[in-house]
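Residue strings, one per chain:
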Amino acid sequence: MKVIVLGSSHGGYDAVRQILSDAPDTEIQWYEKGDFISFLSCGMQLYLEGVVKHVNDVSYAKPDQMHKAGVDVFVKQEISAIDPANHSVHVLNHNDGTERDEHYDKLIISPGANPASLGVKGEDLQNIYKMRGRDWAIKLKEKTVDPTVKNVAVIGSGYIGIEAAEVFAKAGMHVSIIEFNERLLGAYLDQEFTDTLTKVMKDHNVDFYGNQGVSEYRGENGKVTTAITSKGNEIPADLVVEAAGIRPNTEWLNGVVDLDDHGFIKNNEYMQTSESDIYAVGDATLVPFAPTGEKSVIALATNARREGRTAAMNALGQEHAMVPVSGSSALSVFDYKFASTGIKEGTASRFDVKTQSTTVTDTFRPPFVPDKAGNDEVLFKLTYNPETQVILGGQVMSTQDSTQNMNVISLAIQAHMKVEDLAYADFFFQPGFDRPWNIMNVAAQQALKDLK
Ligand code: FAD
């Protein structure tokens, strides 16, 4: 059997790995239109801050390794068209300008997404950047050491915008974040968390302009100097990083497979598109959202990887449905580390489900452990359905690393657990790591009282 995999980022990579693991005799052709395979934007902040020294190290796979494993890797070769009736793809080889058709038995596509263009006046000025992929990583890195950059404006305060803000603040620049919503990280955390983070950002020379979008860029000598907001604020900006959402890279698939109104590829739980031998995964698709069972847009590498593996298993004839996910994610903002999963009070209105939440604070380890030994407070919020007690989401934040708790809450959501299941659930205790009652027990026990 011949399987063609399109895209060398998270979705494509895991599809290839799964085929190699389960059916190594499969003929695998792996296509990447860029000049580098498997660049991981997730590692971009580590590269920009100098933790990872070389941009090419921010990767999982090298072409020669994959060749040795038996994969035909085609770099700078773009699949420009698909002919489902003939089971063939048209390939543009950007290395030498040639074109050809290739036959497939099964095709797995992970075309990903592109950063959204905001379409505001002045967007063609120089030094207006995006933050996704290796090319932008290289350009952004140059700006972290550019002495002419004193002020940076970041558009959007999702996790990508926050990563950009932290990178440039740590590089000694003044940063302004412009955000449509009232609060930063509003899709990830509720107000009791974001109030602290907004202050932490301010303490590190990052100003937050909420409830406003960017309406215009102005510049001098062709370079941006100012971002004007919809509230009329004039934000100084020698560099702008636009991180205000993504668009699925699917325009070229119109008429090939079914797309939804926003251009996301429609797929079933086996990742099959409207063409049964074409599987679609990653940011160009929706994922099953565990708290509601509905499909949702959650652009995360974790989801792309699970979908990639699911697609590969089904392409090989093993029936395997995609596991519902909860959008679990974690991030650090200077000294603070936070994670969240599932539904928050701030996002609940998007879903047709009743919510109630219980928030608790506790020390990370037993009270007798001195602060200096690593015993700061942990803020934890549990969200559940007050009628059924079913757990819907969680959020946690501390200067200690308590983020792994969100993986447990994610599992609880996936297993449709109730508050009472979590209240006395078995978690370890050792004073070097935890308290006799883990903060998840504490929150669930309080929630039981709140529910009475
Ligand atoms: P993409 O990563 O978009 O890759 C698609 C690939 O397909 C590209 O290489 C593209 O060149 C190639 N391609 C497209 N069309 C064609 C074609 N026609 N022919 C050949 N090749 C083609 N997620 C997390 O879970 N954790 C994180 O910490 C995290 N951090 C992030 C930080 C940043 C700055 C960014 C931008 C994203 C981050 N993400 C994170 C999200 C994660 O990177 C994406 O969810 C993930 O990359 C999606 O993978 P994908 O395979 O769908 O597509």
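- Within an unreviewed UniProt entry, the label attached to the protein chain reads FAD-dependent oxidoreductase, and the organism entered is Apilactobacillus micheneri.
- Looking at the Sequence similarities (unreviewed entry) heading of the UniProt record, one finds this comment for the protein chain: "Belongs to the class-III pyridine nucleotide-disulfide oxidoreductase family."
- Checking UniProt for the protein chain, the heading Cofactor (unreviewed entry) contains the comment "FAD".

## Focus: the UniProt feature "domain: FAD/NAD(P)-binding" (unreviewed entry) in the protein chain
Point 1. Look at the UniProt record and you will see "domain: FAD/NAD(P)-binding" (unreviewed entry) annotated at residues 1-308.
Point 2. Regarding residues 1-308, the helix share stands at 22% and the strand share at 29%, and the terminal C-alpha atoms are separated by 18 Å.

## Brief notes about the pairing of strand S16 (residues 239-242)
Point 1. Burial along S16 is two-sided: Leu239 and Val241 and Val240 and Glu242, pointing in opposite directions, are all buried.
Point 2. The sheet contact formed by strand S10 (residues 151-155) and S16 spans 4 bridges and is parallel. Residue pairing in the sheet places valine 152 in a bridge with leucine 239 of S16.

## Considerations on the site of the ligand
Point 1. Within the structure, the ligand sits among 31 residues, and Ser9, Glu32, Ser110, Arg132 and Asp283 are positioned closest to it.
Point 2. One nitrogen or oxygen atom from the side chain of asparagine 249 is found 3.2 Å from a nitrogen atom belonging to the ligand.
Point 3. Interatomic distance of 3.3 Å between a backbone N/O atom of leucine 300 and an oxygen atom of the ligand.
Point 4. The protein chains hide 88% of the 1,000 Å² of surface that the ligand would expose on its own.
Point 5. Residue assignment for the shell around the ligand shows that the elements contributing at least two residues are helix H1 (10-22), strand S2 (27-32), strand S4 (77-83), helix H5 (159-170) and helix H7 (301-315).
Point 6. Of the residues in the shell around the ligand, the class split is 14 nonpolar, 11 polar and 6 charged.

## Quick notes on the environment of threonine 347
Point 1. Here threonine 347 shows up in the loop between strand S22 (336-342) and strand S23 (356-363).
Point 2. For threonine 347, a relative accessible area of 3% corresponds to the buried category.
Point 3. Taking the C-alpha atoms as reference points, threonine 347 and tyrosine 188, 159 residues apart in sequence, are found 8.4 Å from one another.
Point 4. Beyond its immediate chain neighbours, meaning those up to four positions away, threonine 347 contacts Gly186 and Ala187.

Conventions used here
- Residues numbered from 1 in each chain as written.
- Predicted model: local features only at pLDDT ≥ 70, side-chain atom pairs only at ≥ 80, totals over all residues.
- Heavy atoms only, no water.
- UniProt positions renumbered as here; feature names shortened; annotations may be inferred.
- Helix = DSSP H or I, 4+ residues; strand = E, 2+ residues; numbered from the N terminus.
- Buried < 20%, exposed > 50% of the residue type's maximum accessible area, 1.4 Å probe, protein only.
- Pairing = 2+ DSSP bridges.
- Near = heavy atom within 4 Å.
- Polar contact = N/O pair within 3.5 Å; in protein donor to acceptor, adjacent residues only side chain to side chain.
- Areas by Shrake-Rupley, 256 points an atom, 1.4 Å probe, with all protein chains shown as cover.
- Nonpolar A, V, L, I, M, F, W, Y, C, P; charged D, E, K, R; others polar.
- Contact = heavy atoms within 4.5 Å.

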